[in-house]
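Listed below, chain by chain, are the residues.
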Amino acid sequence: MTKQVELKYGRGTVTLDLSAAADVEILRENAMPVLEDVEQALLDGLEHPIGSAPLRELVAPGDRLTIVLSDLTRFWMRQDILCEALVRYLEGLGVRDEDIVVLIALGTHRKQTPEELEKLASSYVYRRCRVVNHDCDAADLADIGTTASGTRVLVNPLAVGRKVLVISGTVHHLMAGYGGGRKSVVPGIAGRETIRSNHRRALDPARPQTDSRVGSGRVCVNPINRDMEEAAGLLKPLFGVSVVVDAHSRHSGIFCGDFTKAWEASCRFCQKNYGVPIDYLADVVIASCNGYPKDINLYQSVKTLLNGVNAMKPGGTFVFLAQCPEGGGAPDFFDWIEPLGRGELDRALRESFTIGGYIFYASCEAIARAKEYYMLTDIAPEQVEKMGLRAYSDPDELMRHVDLAGKRVYVIPNGGSLLPQPREEYASLNAELAQPRGQAAGA
């Protein structure tokens, strides 16, 4: 039995002593291929795409192109490598650098600094092409229509009247089912009110809780996902590049082609590798976000929290490793502690919905499933204690409070990506992904 485990924490690691436990099982993603030549894999995908003509047949000299790229919180996908290879490919087709804009899909996240923009797009691209932050509050957002659910879709004007290429990373996602693809449109390059309208569908329309159709791995009946897909269909991106990486941020799968079909293929690959069937629920679950940047703030780290509780017995113990040097992340994240303390969090969120507010709400729902919830973090204990979290900055001190004697323990080193699933749920989610979907965006 494993007596000690070393887990990533921020830019370093911590070692935990688990020798008192009756049983320790480490949950890892399935063995994944590693692409030895990432640039060549991308080029192969551009020439032999999924459900689309090769990219060389879709663009021509004189075309104005916008490459939508994820922000720094998703730098685990190493979008710089892909962006540089894509721009070089486009240059080879005769597309001028001045006709290419790289648009960073921030959603409601903070703007990236010039140094970060260069890091995301690569120095090669940054020196040649315009690289810009999206602004969800800009006055010149373009109205491209309204979804059947009533979401008015406002997007960055650089995505309208130009050919749009999207590079995104696919992981299980707590609200949208999976990240990447259409999520690079809403919330990525959408207006704040568009994002709010879409994301408020996370709440159950009749009960004070998250809608049961919303959650990691759920797409077909998920009202958030369906609204996102329709919004992306209004934009009609020309081409998509969807990326899946392994636990070490090495590229494992690159799926190119029709914006929706390539993304769906990446979802199936993600579920195959990161969806892990389990035969029992553990007394204690210990989960790391897999270090920086996945634990850059609590807003991002919540993915580990929500994934990991799927492996815990109701009323069990959860130990959560998330350094969070940027604190809550969303500006309003900790503002929601006040209505939580009054027992009015659900009412307050419905009246003044924000994305950060819902992430806080979902965190509290997950925390309530545990009898004891411990967190190793840089966040001050008093900031999270009303959420039900007992925070510590020293791992040895934290573990002195965790009762492992006679307990079955799961350890999840890569909680930001790995999704434990009871076997019945695992089979159900795989079957859902195998179902024929609607028309691809832009079809």
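All values reported here derive from a predicted model rather than from experimental measurement. (Residues numbered from 1 in each chain as written. Predicted model: local features only at pLDDT ≥ 70, side-chain atom pairs only at ≥ 80, totals over all residues. Heavy atoms only, no water.)

Enquirer: Could you give an account of the packing of aromatic side chains, naming the residues involved and the relevant values?
Expert: One pass over the full model with this rule turns up 9 aromatic pairs. On the basis of an interplanar angle of 90° and a centroid distance of 5.2 Å, the ring pair of Phe333 and Phe334 is categorised as edge-to-face. Assigned by exposure class, Phe333 and Phe334 land together as buried. An aromatic cluster of three or more residues is present, and its members are Phe318, Phe320 and Tyr373. Over the ring of Tyr124 we find Arg128, and its NZ or CZ is 3.7 Å from the ring centre. Geometry around Tyr280 places Arg408 over its ring, the cationic atom sitting 3.6 Å from the centre. (Phe/Tyr/Trp six-rings, centres within 6.5 Å; stacked < 30°, edge-to-face > 60°. Buried < 20%, exposed > 50% of the residue type's maximum accessible area, 1.4 Å probe, protein only. Lys NZ or Arg CZ within 6 Å of the ring centre and 35° of its normal.)

Enquirer: Please give an account of the side chain of Ser197 that cites residues and values.
Expert: In this structure, Ser197 sits in helix H5 (residues 192–199). Taking relative accessible area as the criterion, Ser197 reaches 14% and is therefore assigned buried. With residues near it in sequence (within four places) discarded, Ser197 still touches Gly150 and Thr151. (Helix = DSSP H or I, 4+ residues; strand = E, 2+ residues; numbered from the N terminus. Contact = heavy atoms within 4.5 Å.)

Enquirer: Explain the sheet that holds strand E3 (residues 23–26) residue by residue, including any values.
Expert: Across the sheet, 6 strands lie side by side as E3-E19-E15-E16-E17-E18; this open sheet has parallel pairing. Whereas interior strands pair on both sides, the edge strands pair on one side only; in this sheet they are E3 and strand E18 (390–392). Going from strand to strand, the sheet's axes swing by 20° on average, the running direction of each strand aside. Direction of pairing for strand E17 (residues 370–376) relative to E18: parallel, over a ladder of 3 bridges. Across the sheet, the residue bridging to Met375 is Ala391, located in E18. (Pairing = 2+ DSSP bridges. Axes fitted to C-alpha atoms, helices over the stretch in contact; angles between N-to-C directions.)

Enquirer: Run through the state of the cysteines, naming residues and quoting values.
Expert: Tallied over the entire structure, the rule returns 0 disulfides. Sulfur of Cys83: no disulfide; nearest cysteine sulfur belongs to Cys129 and is 7.5 Å away. Of the cysteine sulfurs around Cys364, a residue in no disulfide, the closest is that of Cys324, at 14 Å. Of the residues examined, Cys364 reaches a relative accessible area of 12% and is grouped as buried. (Disulfide = S-S within 2.5 Å.)

Enquirer: Account for the environment of Gly291, with residues named and values stated.
Expert: Here Gly291 lies in the loop between strand E15 (282–288) and helix H8 (298–308). Given a relative accessible area of 1%, Gly291 falls into the buried group. Remark: the alpha-carbon pair of Gly291 and Gly10, spanning 281 residues in sequence, is separated by 4.4 Å. If sequence neighbours within four positions are ignored, Gly291 has contacts with Lys8, Tyr9 and Gly10.

Enquirer: So what about the side chain of Thr151? Which residues, and what values?
Expert: Relative to the elements of secondary structure, Thr151 occurs in the loop between strand E7 (142–146) and strand E8 (152–155). Judged by relative accessible area, Thr151 falls into the buried class, the value being 1%. Engagement of the side chain of Thr151 in a polar contact is seen with the side chain of Ser197, the distance being 3.0 Å. Among the polar contacts made by the side chain of Thr151, one reaches the side chain of Arg201 at a distance of 2.7 Å. Leave out the neighbours within four places in its chain, and Thr151 touches Gly145, Thr146, Thr194, Ser197, Asn198, Arg201 and Asp227. (Polar contact = N/O pair within 3.5 Å; in protein donor to acceptor, adjacent residues only side chain to side chain.)

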